[in-house]
Structures are given as structure tokens and as C-alpha cells.
Amino acid sequence: MRVVTGILISIAAFTCGSAKAVEISASVNNKVVSVGDRTVLSVRITNSPRGSEPQLPPLEGFRVEGTSHSTQIQIVNGAGSISSEYNYTLVALAPGKHLIGPVAITAQGKQYQTQPIEVEVAATQQAAARRADEVAQAEAPPAAAGNKQMFIEITANKPNPFLHEEVILTFRFYCAAALAEQPAYEPAAAPGCVEKILGDGRSRNYERMVNGRRYQVSELKTALFPYQTGELTIGPARLSGFVLTESQRRGGYPPSMFDMDSFFEDAFGHYNRQSFQLTSNQVKINARPLPKEGAPKGEVTVGHYQLQVDAKPKEVHAGDPITLTMVVSGEGNLESVVSPRLSTTEGFKTYEPTGSTEINKGAESVRGVKRFEQAIVPLSDKIQQIPEVIFDSFNPQEAKYVTLRSAPIPVKVLPPKEEGAAKIFSAAAGTEKKGVQLLERNIVFIKTVPGELTRIGQAGGRRIIFWCAQCIPLLLVLLAFVHARHRERLRSDVSYARLHRTGRMTRERLKSAEDALGRHDVEGFYSSLVRALNMYVADRLNVPAGGLTPEMIRDKLTARGLNADLIRRIDDFSRSCEFARFASAKPDISQMEKSLREATAILEELRRSRF
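Residues numbered from 1 in each chain as written. Predicted model: local features only at pLDDT ≥ 70, side-chain atom pairs only at ≥ 80, totals over all residues. Heavy atoms only, no water.

K.L.:
Just to check I follow, could you spell out the overall build of the protein for this structure?
P.N.:
A count of helices and strands for the protein gives nine helices and 31 strands. By residue count, 34% of the 611 residues in the protein fall in the buried class. Put simply, of all contacts in the protein between residues at least 6 apart along the chain, 73% involve residues at least 24 apart. Total accessible area on the protein stands at roughly 38,700 Å², and carbon and sulfur atoms take up 52% of it. (Helix = DSSP H or I, 4+ residues; strand = E, 2+ residues; numbered from the N terminus. Buried < 20%, exposed > 50% of the residue type's maximum accessible area, 1.4 Å probe, protein only. Contact = heavy atoms within 4.5 Å. Areas by Shrake-Rupley, 256 points an atom, 1.4 Å probe, with all protein chains shown as cover.)

Okay, here's the thing in C-alpha cells:
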């Protein structure tokens, strides 16, 4: 039996050869456990040579209790594959969120690794069970998935929020097709809500398996704060764009191994643009009013906040101002935060506070600081402290009102200044108010000297300016026409669109390489350089960049009549980058800087060349 198994493994390895890429993935059977519970880390490796075992990272917060290994061989139509699965039983040791990974493997001179996996360890089994239900609901397959190549959805994390409570609306675009360009996104309408974009406005991209199909997922999050009670309907969101579809083969016959024209056409050419329009689901939320029981007087801020208070100067004369700084920080709609108040204003003259907001739009919620400054003036030298400051809010997580109080601030108030002291007057009670009385009018003087006079027919300069001004609308129309033609060509001509954006994209990739150089990330640095060169050549030639190899680049540039010396430099540079990425002795900073200069020089020569 062992002999048969060995023969099958050898046949599968031979039929796989080096044509199939090595793949590695990792998963856990439980993403939420309690302290002392177990979860199984499964690492699956496909098309890896024998003897290649995964390298586990340091497992903080876990202990490996046991391991197991299994191998699966598949031979379909003469093509074989070998899949190995390694299972590690992990025991949770400490509560908190722990990151597992990435798990790595070295095969065929290259290193492959998985994405990190987050496992949440709860202190008790009851808390773990509640959290597991929440995770299962969040990771449930979308209802619109089916067997579609692409679809969109929106979800809300809170179906029954309180008035002004933060609701996170998540938009996800699932795509298993090749996009021709960046699609146009129309956000979901949210009537009755204040909207705040989270993060920097860019999507978070990752992969996800849904119903057995692997999708590229683009995710955008928006914070909603309902200002109306009752049922609110959010959405739908819309997305439109173009995908690349392979054109039909000439004659409709399948290619043979001798039909080289058909083979190269399938590998590098011809693609059609097909438009698509997607509409998401709608989400309903029921905004509840704030409870009346225990509600303080006046306007109440909703969220989770902290309060800090300071005053400067702390030694003044009576009648001089003190600046009271009140800082409210936390999570919520900070722009609607009302100013804290003094518990009593007796002995002080107060002015209206001014506020400034600093919002840090994080990935999961709106956080930040709102700073209030208020001028208060002590009226007597008998005052020894500034009263406590009070801030009322409603915490939606605990569903209760919270009152924050600062400690009184001691101050030293000196007697009023004798000379030039500013005195504070207030009108006596019952004083009659009088209207404004007009005492005199300004005199408009007569101009006695007319100034320089010019005949109407002699204003030649003004006539030129007049006719030039008439040309401005025509120029604007011409510019609008040219701009519209440019936009239309960007939408309809893939080659033109790729050439238009390649310069900007190349600069961004070189900037990514510079960032990796600053971190001394050798693999990331050389990967960015190779990607910048390959993507630039692919855009200039209007071919897919995914399958380009140094040999293919050399052949295509030679066919286009590019200078042979430059082609040799490109080939040598690509091979040196691959060697530097996987060599045991890592290059130093000076060598990496030299590679960056060489890449920049090659790209500049390619830009000036015609091919």
C-alpha cells in the first residue's frame, strides 16, 4: 500500500510540475472562545513539494496541545495536485483579541504566507457564546450572493439605535470579475440621519469565500446619526462600471497546440468592455427616543465621553478675565456636543463659550475632541475657587444618563487695580430703555475738479479689452468640448485610459518603494520596483500585467523595435531584483538606493522611447 501511495504521489508531483503555483491558506474553526477552550488552526498547502512544512509564528495567548497531518491527491484529466493539511489544536490562555499569523512556507525558492487571523478570547463561556453569535451573524453569506459574479450590499450594525446614537453603515462590493476601470459609486441615501465618512474615504480591500466562490471585497463604512425617531429607510446604494470579457475566438473552434496565433491571442489579447449596474438592498432602522426617566434639563449629548477642565491664569485681579478651557473627548457626533456649564455663576460675570472640533474618523467609529473656551470674570477678591463644571450626556451602550463633574479649581483673586482698572457696570433694575436718536447727518461735498476727461471715441484700450472679453465664452465652450471628448475617450478606449494613468500610477509605486526603503523592507522594496516596471510596460503595450514574465517582456519589447541595450538593462534589472528578494544575504541600504536609481532611470528611458 505504501508503494502504491508513493507512486501516486510521484505521478501527481510529475503532472503538476512547476506550472501550478503553490497556494497556502489558514483558518480556525472557532474565532471566539473562552479561556481554557480549544480552537483548531488548519493550514492547507496545495502544489507544494514534499518535505515543505508550514512555519508557525509565535502564538501569544495560546498553547499548542496537539498536531495532525493529512495528504490528499487528485488526478483529473491527466492533471494532478497534492494538498496537505496541517491541524494544530490551540488552547486559549489569556482573554483579549489575539492575532495568529501569518503562517509561512518556503517552496521552490520562494516564500508564501497566509493572512493573519484574529481570535477573540472571552473571560467566561457565557460572554464567548454571545460574542460568537454576533460574529456568526456578521459573517453570514449575503442574501444577494447566489452564484453571481458581482453584487453589492449594505448592512447596519444597530437596527434599533437611540436618537443621535452612532450607527455604522457598511457598503461591500463583491467582485469575481476583471474590472476595466474604477466603478462609479453612488452612496445610499440616509434621510433623517447625519452622515460622517469613516477613515480617509478609501475602501478596505480583502478576499472572502461566499458559497464556494472567492470574491475580492471592497468595503466602505459610514457613520450615521439619526436625528428623527421612528422607522428610517436607508438605501439603496448603486454601483456602475465596466468589466473586461474575453472576445469570442475566430471561427468558433477550440485552439490546438499547433494553432499559435490563437494561443497568443488568448494569452494577451482581445478583451471587450461590458457595462454593469448594481443596486444594493435597503436597510431599515428604528430610531428610539431618549428615555424620559432621569433626563436632565436642557439639551443632552449622546455618546461616550470624558471631561477635562483647566483655567488660566490662576492669579488675577478682580475684574480681569480668566479663560476656562473645557475639553470633551470620546465617541459620538462631536459637532453636536453642547458646552459644559458651571454649577453656579455667583460671583462671576460669564460670556458665551466658543468651541472647536477635532475629529479623528477612525475605521470603526467617529472619535475626537471638542474644545470649549469660556471667559469668566471674578467680581470680588473674596472668590477662592472656580466652581465645578458639569457635563450631561446619554450613554447609549448602557442606556442611561451620565453626569460628569470636574473638581473645583482654586484661584487667587487680588483686589482691583487702583489706576486704570476696568470697572464693570450693570444697569439698574427698572431702567427705561431708550431708542437711538439721530443727532446729525454727514455732508456730501461737491466735487469742484472733474479730473481727466477723455473722448468716447479715443478709448482704444477699452475697446480691445471688450472684444477680448467676448472671446472668453467661446474659449470656455471649446475647453468644455475638449474635456468632454477626453472623458469619453477615457471611458471607451482602454488603451488610452491606461496610457493616461500610467505616469501617476508609476510615481505612486516608486513612492511605495521609497517607503519600503525607509523601513528597510527588502522584499517589499524590490517587489514594488518590479511591479512598477512590469505595470508600466503592460500599460504601454496594453496587455494584461498579471502574467508578464521577464522573458515575455523581452520578447514583446524586441518585437516593438526597442533599443537592444535598454531591453538588456530591463532584463538584468528584473533578474537582480528577484535575486535580491530571495537571497539569504540581504542587500544593504546603499545597494537598495542604487536599485531605486536604476529603476527610475529605466522608466525615464522607457517614457522617452517610442514602442
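K.L.:
Looking at this structure, I do not really get the sheet that holds strand S6 (residues 96-100). What am I missing?
P.N.:
What holds strands together in a sheet is hydrogen bonding between their backbones, with the strands either parallel or antiparallel. What the three strands build is an open sheet, ordered S2-S9-S6; its pairing is mixed. The open sheet has two edge strands with one neighbour each: strand S2 (32-34) and S6. In this sheet, neighbouring strand axes are inclined to one another by 30° on average, regardless of whether the strands run parallel or antiparallel. Of the strand pairs in this sheet, S6 and strand S9 (residues 117-122) are connected by five bridges, and their pairing is antiparallel. When the sheet's bridge partners are listed, Ile-100 is paired in S9 with Ile-117. (Pairing = 2+ DSSP bridges. Axes fitted to C-alpha atoms, helices over the stretch in contact; angles between N-to-C directions.)

K.L.:
How do you make sense of the side chain of Thr-39 when you look at a structure like this?
P.N.:
The topology assignment puts Thr-39 in strand S3 (residues 38-46). When its relative accessible area of 1% is taken as the criterion, Thr-39 is described as buried. At 3.0 Å, the side chain of Thr-39 and the backbone oxygen of Asn-30 are in polar contact. Sequence-distant contacts of Thr-39, defined by excluding residues within four places in its chain, comprise Val-28, Asn-29, Asn-30, Val-33, Phe-62, Tyr-88, Thr-89 and Leu-90. (Polar contact = N/O pair within 3.5 Å; in protein donor to acceptor, adjacent residues only side chain to side chain.)

K.L.:
Explanation requested: a nonpolar patch on the surface in the structure shown.
P.N.:
On the surface, Leu-475, Leu-478, Phe-481 and Val-482 cluster together to form a nonpolar patch covering roughly 400 Å² of accessible area. Position of Phe-481 relative to the elements: it lies in helix H4 (residues 460-492). Classification of Phe-481 by relative accessible area gives partly exposed; the value is 48%. (Patch = residues over 30% accessible without salt bridge, like charges linked within 9 Å, V, L, I, M, F, W, Y side chains within 5 Å. Salt bridge = Lys/Arg side-chain N within 4 Å of Asp/Glu carboxyl O.)

K.L.:
Can you walk me through the pairing of strand S10 (residues 150-156) in this structure?
P.N.:
Two faces make up the sheet, and in a regular strand the side chains alternate between them. Within S10, five of the seven residues are buried, which leaves the element mostly enclosed by the surrounding structure. Sheet topology places S10 next to strand S11 (residues 167-175); seven bridges connect them, and they run antiparallel. If you follow Ala-156 over to S11, its bridge partner there is Leu-169.

K.L.:
Is there a simple way to think about the nonpolar core in this case?
P.N.:
Inside soluble globular proteins, nonpolar side chains tend to come together where they are buried. The biggest cluster of nonpolar side chains holds 32 residues, and the ones touching the most others in it are Phe-525, Tyr-526, Leu-529, Leu-533, Leu-557, Ile-570 and Leu-606. For this core, the secondary-structure elements that each account for two or more residues are helix H5 (494-518), helix H6 (522-541), helix H7 (550-559), helix H8 (564-582) and helix H9 (589-608). Looking at this core element by element, the count peaks at 11 residues for H6. Aside from chain neighbours lying at most four places away, what touches Tyr-526 is Cys-577, Ala-580, Arg-581, Pro-587, Gln-591, Met-592 and Ser-595. (Core = buried A, V, L, I, M, F, W, Y, C linked by side-chain atoms within 4.5 Å.)

K.L.:
Before we go on, may I ask you to explain the packing of H6 against H9 in this structure?
P.N.:
In helix packing, the relevant descriptors are the interaxial angle and the interaxial distance, both defined with respect to the helix axes. At a minimum axis distance of 11 Å, the contact between H6 and H9 shows a crossing angle of 5°. One element, H6, and the other, H9, form an angle in the roughly parallel class. Facing H6, whose interface residues are Val-522, Phe-525, Tyr-526, Leu-529, Ala-532, Leu-533, Tyr-536, Val-537 and Arg-540, H9 presents Gln-591, Met-592, Ser-595, Leu-596, Ala-599, Ile-602, Leu-603, Leu-606 and Arg-607. For the contact of H6 with H9, the class distribution of residues is 14 nonpolar, two polar and two charged. (Parallel < 35°, antiparallel > 145°, perpendicular 65-115°, else oblique. Nonpolar A, V, L, I, M, F, W, Y, C, P; charged D, E, K, R; others polar.)

K.L.:
Could you clarify how one ought to interpret H6 in this entry?
P.N.:
Two residues of an α-helix separated by three or four positions point the same way, owing to the 3.6 residues in each turn. Under the 1.5 Å per step criterion, the end-to-end length of H6 is 29 Å for 20 residues, consistent within 8% with the ideal 28 Å. Of all 20 residues that make up H6, 16 are buried, and the element is covered over most of its length. Just downstream of H6, Asn-542 is the residue with a positive phi angle, here 60°. (Expected span 1.5 Å × (residues − 1).)

K.L.:
Is there a simple way to think about the state of the cysteines in this case?
P.N.:
Linking two cysteines covalently via their sulfur atoms produces the bond known as a disulfide. Under the definition given, this model contains zero disulfides. Cysteine Cys-468 is unpaired, with the sulfur of Cys-471 as its nearest cysteine sulfur at 6.2 Å. Overall, the relative accessible area of 47% leaves Cys-468 in the partly exposed class. (Disulfide = S-S within 2.5 Å.)

These results come straight from atomic positions and should not be treated as a statement about function.
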